[in-house]
Every structure is written in C-alpha cells, then in structure tokens.
Amino acid sequence: MAHMHDKDTDGLTAPTAPNPVVQTFLMLWRDKFAFVSVIFLLLVLFSAIFGPMLLEDLATKQNLRGRNAPPFDFSRDWLYWLGADALGRPLLPRIIVAAQNTIFVAAGAVFFSLTIGTVLGLIAGYTSKMWSQIIMRLADIIMSFPSLLLAVIVLFMLDSSVFNLVIVLAITRIPVYLRTARAETLEVRERMFVQAARVMGASGRRIVFRHILPVVFPTLITIATLDFAFVMLAESALSFLGIGIQPPEITWGLMVSQGRPYLTTAWWLSFWPGLAIILTTLSLNLLSHWMRTALDPAQRWRLENVRKKNG
Amino acid sequence: MGDRLLEVRNLSVDFHTSQGTVHAVRDVSWHLDRGETLAILGESGSGKSVSASAILNLIDMPPGEITSGEILFENRNLFEMTAEDRRQLNGHRIAMIFQDPLSHLNPVYSVGFQIAETMTAHGVSRAQTRARTIELLKRVGIPDAETKVDAYPHQFSGGQRQRIMIAMALALKPDILIADEPTTALDVTVQAQILALLEELQQETGMGLLLITHDLGVVAEVADRVVVMNSGQIVETGTARDVYHNPTHPYTKKLIAAIPGNGAMATPLDTGIKPILEISGLTKHYAAFVALDQVSLTVLPGESVAIVGESGSGKSTLAKTVLRLEEATSGAALFEGRDLVTMSPKELFHTRRDIQMVFQDPTQSLNPRMTIFDIIAEAFVIHPEILAKPHWKARVSQLLEQVGLKPEHMYRYPHQFSGGQRQRIAIARALALEPKLIVCDEAVSALDVSIQAQVLALLTGLQNELGLSYLFIAHDLPLVRDFAHRVIVMKSGKIVEQGPVQQIFEAPREAYTRNLIAASLSPDPEIQASRRMARHDLQEAAS
C-alpha cells in the first residue's frame with residue numbers, strides 16, 4: 001500500500017509523510033481499548049511461542065494432594081494461584097502451555113480459510129460466470145455438510161494431528177469468507193472507480209487486488225475475528241469427541257471440556273480456560289474494530305485528531 | 001406580526017463534529033403564506049435544507065443543536081411542542097417530498113399501501129383509504145390508477161415515482177408542502193410536468209409550497225418569492241423577478257452570472273480534417289432491448305461533440321461501448337482508423353491511453369482508499385512507458401497545477417476535497433495518460449452551477465492547450481450550448497438530429513429537439529412565463 005514518499009522537492013508546505021510505524025502506534029494509543037487488546041494478544045502470542053518451552057514440565061506434573069485445589073490460595077506457590085485440575089496439575093501454567101496448540105489451530109484454520117475463501121470469492125465475483133458457478137457450487141457442497149460431521153469423517157480417516165485439524169477446520173469455514181467476498185465483489189466491481197481503472201487499462205489482477213480487495217477486506221477481517229472464537233470451540237468439540245487434540249496435549253477448548261464434569265464442585269477448571277478464550281476473542285474484536293477505522297481514510301481522523309474533550 | 005402560516009425567526013443551527021462546530025444556518029428568518037410558493041435557493045453546503053429539516057424535526061440532536069430562534073406554525077412555536085404533537089403535524093399538516101423518490105419508497109410494499117399508510121397513521125379508517133388513494137393517484141396523473149395502486153415502486157418510471165410521492169404528501173391535504181429538490185433527478189421534460197403539477201395542486205388546495213432548490217430555472221418557473229442562501233446565511237430575499245433582474249448581493253450576482261446558456265456559441269470546426277473518431281452503425285442489444293440502434297457519428301481532433309438526450313436514450317451506453325466497457329452487438333468505431341469494437345485486448349490496452357473518460361460523480365469515480373498521488377500515478381503504473389518512476393511526483397504536481405489544485409494536495413484522500421475539486425482530480429487522472437479524446441459522461445451535472453462553469457472553463461482551456469477532443473454526454477441543454485461545437489440529439493437509442501450547436505439551438509428541425517429545448521428552464525422568470533404560455537397554447541391546440 002504505502003509508497004515511500006521521499007522528501008518533497010517542489011512544495012514548501014507539502015506535508016512530509018510521517019513514519020508509518022510511529023503513526024500506527026499513535027493511532028493505537030488513541031484507542032485505549034485496542035491498545036489494551038494488543039498488549040493482551042502479544043501476551044497470548046508470547047505464551048504460545050515460549051510457554052511450552054518454559055513451563056511444559058510444571059504443567060504436566062501431577063500432584064494428587066492438590067486435586068481440584070481452589071484458586072486464590074496465595075499461601076501456595078504462584079503456579080497454583082488459579083487453582084489446580086482434577087489431577088492436581090496447576091492451571092496457570094497449563095493455560096499458558098495450552099495457548100500454543102489453541103492459537104496454532106485457531107490462527108491456522110482462520111488464516112487458511114480466510115485466504116482461500118477470499119481468493120476464491122474474488123475470482124467468483126470478478127471473473128466469468130462459469131468460474132463463479134463452479135466455485136459457488138463447491139461452496140454449497142461444503143455448506144450442505146454439517147461441518148462437525150465432515151470433520152469427524154476426515155479425522156477418522158486421517159491421523160488426528162494438529163495439522164490435519166487445521167486443514168479440516170479451515171475447509172469447513174471457507175464458504176463463509178467465499179460468499180461474503182463474492183457478494184461484496186459483485187457490488188464493488190460496479191462502482192465507478194473500478195470502471196475508471198478499466199478505462200485506464202488496468203489488468204484484472206490489478207483491479208481485484210488494488211481496488212476491490214481493500215474495500216472488501218475490512219468486512220472479511222471482522223468475520224475472521226468472530227470466526228476465531230468459533231474455531232476454538234469447534235476444536236474443543238472435536239477434541240471432546242476424541243478425534244481432535246488428544247491428551248496429554250492440551251488446548252483451552254480441551255481444558256474447558258475436561259472441567260465440565262466438575263462444574264458444580266470446582267468451577268475454576270472450566271472457568272479460567274473459558275476466560276482465556278473469551279478475552280482472546282474480545283481482544284481480537286476490539287482490534288478489528290480499530291482496524292476498520294484505521295484502514296478507512298475517511299474514518300481515520302477519528303484516531304488522528306481526537307481532542308482532549310471528546311464529544 | 002401578522003398571521004403567517006409559517007414563520008422562521010432568527011433560526012441558528014450548529015452541528016458539533018469532532019472537527020469543530022459547524023454553523024449550518026445562522027440567524028435565518030423567512031415566512032410562508034397560504035397559497036404562496038417560496039423558494040430557498042442555494043448551492044450545496046449553503047444550509048438551504050437545514051431550516052426545512054428543523055420544521056419537520058428531522059435534525060439529529062446531537063450532533064445538531066438549535067442554538068437560537070423559533071419556528072411558528074399558525075403562531076404556535078414548534079420548539080415548545082411535545083414530540084407527539086409534532087408527529088401529529090408532520091405528514092398531516094406539513095408534508096414533504098424528496099429528491100430521490102426511489103430511496104424514499106419502500107420497495108417491498110405496493111405504492112397504494114404506502115399512500116394509505118400516511119392516512120392510517122393519522123387516523124383515517126382503512127375502508128376509506130383505498131378509494132382516496134386511487135383518487136389521489138388519478139389526481140397526480142398516474143394512468144390506470146385502479147390497477148396501478150397495487151403495483152410496486154420499481155414498476156414505475158422516475159417521474160411517476162415522484163408523482164406518487166406527491167400523492168403521498170397530499171393524502172391528508174397538508175397546509176404546507178416542503179419539496180426538497182423535487183425534480184433534480186428527473187429529465188427536463190418530466191421536470192416541467194412535475195412542476196406544473198405542483199403548481200396546479202397548489203392552486204387547488206391553497207397550500208403553502210416551500211421549494212428547496214439549487215436551480216434558478218426551477219425558481220423562475222414556480223416561485224413567487226425567493227430566499228438566496230450562502231454558507232448558512234440569507235444573502236438576499238425578494239420576488240423571483242426582482243432577485244433575477246436586480247440582484248444586490250455580490251453572491252447572487254455571481255450565481256446569476258454563472259448560469260450557463262448565455263455565452264457565445266462556438267463556431268463549427270473545418271470539416272476538412274480527418275476525424276479522430278468515426279462511429280458507424282453502432283448497435284447494442286441487451287437481450288431483446290435495443291439500447292443503441294445504428295448510431296453513426298464523427299468527432300474531429302480538437303472538437304467538442306455533445307450528445308444530449310433524456311434518460312434511457314442510450315447516450316451512456318454509447319460512451320461505454322466506445323470505451324469497450326460494454327461489447328457492441330454490431331457496427332464499427334474507428335479511432336484513428338483502427339476499429340475499437342474488434343480490437344484485440346493488446347491493441348486495446350495501448351489505445352486506452354488515447355481515450356479517457358471523466359465520470360459523472362467524482363465521489364464514486366475516485367477510489368476512497370487511495371491518496372490523490374496513488375490515484376493519478378496509477379496511470380503510470382499501468383502504462384509504465386509514459387514516465388519513469390523518479391519523475392512521477394513532479395508530473396503529478398504538474399497535473400494538479402494544470403487543473404487548478406496545489407501539489408501539496410497529493411497526499412490527501414478524495415473525501416478531503418469538495419465535489420468540484422474531486423472532479424478536477426478525475427480530470428487530472430484522465431490527463432495523466434496524455435489522451436487525445438476524453439469522454440465526459442455527465443461530467444459536471446453533479447456539481448453546483450458556479451463550479452460547473454469553472455470545470456467547463458477548465459475543459460475548454462485544456463482543449464485549446466492540448467488539442468483534446470471531447471465526447472460530452474449531458475442532459476442539460478444550456479450547458480451544452482456554451483461548450484460544444486456540435487450537438488447530437490438522441491432518443492431511444494437512435495440519433496434524432498445532429499448539427500452545429502447554433503443550428504440545433506436556433507433552428508432545430510425535429511419536434512423532439514424543439515420539445516427538449518422548450519422544456520429546459522430559463523433562469524429568467526419572464527422568459528419562463530412566456531414559455532409556459534406557449535406550452536399551454538400548444539396543449540390547447542393539441543386537445
């Protein structure tokens with residue numbers, strides 16, 4: 001997107017384009033919710049990358065004397081502050097370690113379905129009727145299958161590895177992006193600036209990626225953040241059925257379902273991983289809301305010159 | 001103070017935006033009597049619609065705030081009434097019609113239902129409404145009203161939809177009808193009919209008509225008195241005649257001077273030169289519908305050829321077919337001897353440089369997510385042979401200056417400019433490819449009158465400087481009169497008449513052309529009055 005605007009040579013008052021990194025940070029700082037979200041997400045990302053390396057052993061160490069230990073018992077080691085599970089394993093390090101699988105599965109599935117769905121949707125929306133028909137009917141086939149059933153069949157035939165799980169979840173979510181991208185493309189392609197680009201001789205690829213995609217993208221990214229939560233839960237459902245991630249591997253979804261039998265006696269088993277899922281999704285939502293504003297030049301001023309007294 | 005029907009006193013409305021407070025109207029006072037037509041005239045952003053919105057309680061508060069003043073309806077202050085009382089007035093005693101009837105009619109209900117709804121909302125029984133609805137539709141001139149009452153909005157033409165809106169507004173016999181740009185979206189001949197209808201209805205019912213418009217022609221046609229607004233303030237009031245003949249305020253003078261249709265007409269170019277564009281027998285079918293039927297025309301280098309016609313005449317299809325945005329069914333369009341219709345994609349790509357287009361609405365034709373630099377420099381990205389990358393910035397600066405903008409504007413986004421400036425940017429983008437022919441599809445019709453004049457002057461200047469040819473598509477005849485060398489009149493996909501501009505305007509051969517010229521409104525109330533008489537006589541003779 002951004003051209004490097006070198007220093008203006010002919011205009012004295014020409015604004016020098018500010019450093020994009022600094023500008024992005026400033027815009028983020030102005031939206032405090034988005035700012036906190038980003039910090040939280042960075043924390044999650046950090047846990048996902050380094051968590052297993054640092055805490056793997058602690059998270060799997062059983063301690064039968066500490067079974068279902070309640071949270072907020074500050075007399076114990078800090079690892080047990082959020083309590084312990086049915087086998088006495090401390091919850092806090094388990095959540096941190098589980099972040100890796102959870103984020104990898106959810107981010108992978110969302111990323112692949114977003115990318116593939118968007119590209120196919122743009123093709124279906126912009127090119128010939130025949131391609132549109134082929135792509136849309138394929139999407140119909142995927143959609144007409146209950147997504148969990150599809151996952152069960154595929155994972156029954158293949159190994160239930162993390163990678164396969166990502167593929168299965170991605171496939172079931174493709175139609176969402178595909179249909180949205182196609183519908184928006186059909187509308188945007190008729191807009192006059194697209195016609196203007198055609199008159200200039202712009203290639204199909206240029207029109208799709210330079211003119212249509214930037215308009216469609218904010219909608220898709222919003223769906224993607226919502227989907228993130230859906231995929232996390234779908235993954236836990238599959239794990240619960242015994243065809244997703246299997247213990248001793250852990251994910252947040254799996255932790256929620258493992259805690260389910262103890263809901264009446266030890267609520268914290270499901271609560272903390274559930275909270276992690278909620279906070280992650282919420283942060284992504286807030287961030288996507290910020291991105292929608294930041295990506296739209298007509299809205300960006302809201303983040304650029306907010307005065308001291310607001311509204 | 002006498003018994004005015006409606007009186008606005010010292011009204012000030014502010015809008016609080018995060019970019020500061022905007023004074024939409026400041027200290028505005030006017031009044032409307034029974035049986036009178038008052039026009040509020042102003043360009044976009046002048047605040048002409050704000051006082052009407054205040055009357056109907058349509059201002060969103062916040063961000064809007066009425067900071068001072070009062071509105072008296074039959075000597076009762078509207079601002080002191082309860083919301084429920086005001087709702088009782090709206091639609092019942094004070095009704096409104098809007099610019100674009102399509103967006104104000106609900107597509108999923110029949111028009112009969114929607115007209116009846118106004119009545120049931122104010123307590124008329126359902127049994128009575130249907131008969132009254134049919135009666136109203138007949139009154140506003142919808143043929144076959146008994147069956148059309150159950151039709152849906154998309155089954156009517158633009159003019160008919162506006163008639164339906166009028167029927168809806170008149171359903172409860174209001175005392176005041178507010179018409180906000182009621183004819184702006186309509187063809188000239190339809191515009192004349194709608195205005196005539198409004199006038200007739202006013203004489204019948206004795207209601208006060210408040211007309212909000214930017215068009216001096218509309219003012220001349222129907223208004224008794226006129227209020228001229230500029231940047232939120234009233235600059236001049238008086239009878240339509242006085243204001244036109246003896247404007248006192250410099251703004252009004254400027255506005256009247258900017259009206260097209262009074263300048264010298266261009267003399268035709270020497271036909272001896274080889275034409276740059278030669279269209280012969282161009283035809284375009286959409287399934288069974290014939291949009292273009294055997295159209296043939298030529299454009300000379302350095303010539304402006306105007307194509308005029310009402311909506312549906314095929315003029316925009318012609319532009320799109322020439323630019324290969326649509327594929328022609330048959331016929332040829334020779335550009336410098338090569339046929340655009342059968343050209344290979346590769347050849348077409350190179351020819352794109354020579355033929356550019358300026359679209360009607362610059363708000364839509366500029367990508368809102370690109371900076372001005374990116375928009376203009378896209379030409380060089382697509383056609384890298386024009387200019388090497390290090391020179392882009394200098395060239396974009398130069399182009400911006402050429403169209404009357406400043407180089408430092410290049411890092412801004414389209415929404416930071418006014419409509420006229422955006423159209424200049426669109427022109428700069430077209431010029432970036434160094435074209436020989438520019439197709440202007442209603443390129444100035446979305447702009448204010450004074451801006452129109454500026455943009456047209458810019459186009460003419462560029463023509464003299466660069467030897468450009470224009471294919472200028474328009475529905476506004478006075479505009480064409482000042483600008484074009486030759487005029488082509490189209491109707492239902494066919495060329496009705498073509499000739500030098502002087503011949504078309506002074507000695508039109510075809511009845512259709514004569515009608516079109518007669519229907520376009522002159523800003524002079526006297527000329528308009530005499531035209532109205534002539535039209536009336538014509539109808540008498542016909543019946």
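Give me the overall build of chain A: which residues, what numbers.
Secondary structure assignment for chain A yields 11 helices and zero strands. The secondary structure elements of chain A, listed N-terminal to C-terminal, are α-α-α-α-α-α-α-α-α-α-α. If you line up chain A on its principal axes, its C-alpha atoms span 75 × 55 × 35 Å. Residue pairs at least 24 apart in sequence account for 67% of intrachain contacts in chain A once pairs closer than 6 positions are excluded.

Describe the nonpolar core, and please don't skip the residues or the numbers.
In globular proteins that are soluble, nonpolar side chains generally tend to be buried together. In terms of nonpolar packing, the biggest core is built from 227 residues, with Ala 306 and Phe 472 of chain B touching the most fellow members. Setting aside chain neighbours within four positions, we find Ala 306 of chain B in contact with Phe 472, Ala 474, Val 480, Phe 483, Ala 484, Val 487 and Ile 488 of chain B.

Report on the interface of chain B and chain A, specifying residues and quantitative values.
In this assembly, 29 residues from chain B lie in contact with 26 residues from chain A. Those elements that provide at least two residues to the side of chain B that touches chain A are β16 (355-358), α14 (362-365), α15 (372-382) and α16 (392-402) of chain B. With four residues, the top contributor of residues to the side of chain B that touches chain A is α15 of chain B. When the residues that make up the side of chain B that touches chain A are grouped by side-chain class, the tally is 14 nonpolar, nine polar and six charged.

Explain the sheet that holds strand β18 (residues 469-474) of chain B residue by residue, including any values.
Residue and element names in this part refer to chain B. An order of β16-β17-β18-β13-β19-β20 is seen for the six strands of this open sheet, with the pairing classed as mixed. Single-partner strands in this sheet number two, and they are β16 and β20 (494-500). Taken pair by pair, the neighbouring strands of this sheet meet at an average axis angle of 20 degrees, ignoring direction. Pairing analysis gives four bridges linking strand β13 (residues 304-308) to strand β19 (residues 486-491), with the strands arranged parallel. Counterpart to Val 305 in the pairing with β19 is Arg 486. Here helix α17 (residues 419-432) sits on the sheet and contacts β16 and β17 (437-441); the angle it forms with β16, its principal contact strand, is near 175 degrees.

Provide a residue-level description of the sheet that holds strand β3 (residues 37-41) of chain B, including the pertinent values.
Two strands in a sheet stick together by hydrogen bonds in their backbones, pointing the same way (parallel) or opposite ways (antiparallel). Residues and elements named next belong to chain B. Strand order across the open sheet formed by six strands is β6-β7-β8-β3-β9-β10, with mixed pairing between neighbours. Looking at which strands have only one partner, the edges of the open sheet turn out to be β6 (94-97) and β10 (233-239). In this sheet, adjacent strand axes meet at a mean angle of 15 degrees when their direction is disregarded. Summarising the sheet, strand β7 (residues 176-180) and strand β8 (residues 208-213) pair through five bridges and their orientation is parallel. By the bridge assignment for β8, Ile 178 is matched with Leu 210. Across the sheet, helix α7 (residues 158-170) is in contact with β6 and β7; its angle to β6 comes to roughly 170 degrees.

Explain the packing of helix α9 (residues 252-259) of chain A against helix α10 (residues 268-295) of chain A to me, and be specific about the residues and the numbers.
Residues and elements named next belong to chain A. Contact geometry of α9 with α10 gives a least axis separation of 8 Å together with a crossing angle of 155 degrees. Accordingly, the angle class assigned to the pair α9 and α10 is roughly antiparallel. As for how α9 packs across α10, the hand of that crossing is left-handed. For the pair α9 and α10, contact is made by Trp 252, Met 255, Val 256, Gln 258 and Gly 259 and by Leu 269, Ser 270, Pro 273, Gly 274, Ala 276 and Ile 277, respectively. Here the residues of the contact of α9 with α10 are counted per class, giving seven nonpolar, four polar and no charged.

Rules and cut-offs
Residues numbered from 1 in each chain as written. Chains lettered and ligands numbered in written order. Predicted model: local features only at pLDDT ≥ 70, side-chain atom pairs only at ≥ 80, totals over all residues. Helix = DSSP H or I, 4+ residues; strand = E, 2+ residues; numbered from the N terminus. Contact = placed C-beta atoms within 7 Å. Core = buried A, V, L, I, M, F, W, Y, C linked by C-beta atoms within 7 Å. Buried ≥ 20, exposed ≤ 12 C-beta atoms within 10 Å, placed from the backbone. Nonpolar A, V, L, I, M, F, W, Y, C, P; charged D, E, K, R; others polar. Pairing = 2+ DSSP bridges. Axes fitted to C-alpha atoms, helices over the stretch in contact; angles between N-to-C directions. Parallel < 35°, antiparallel > 145°, perpendicular 65-115°, else oblique. Left-handed = near helix turned anticlockwise from the far one by under 90°.

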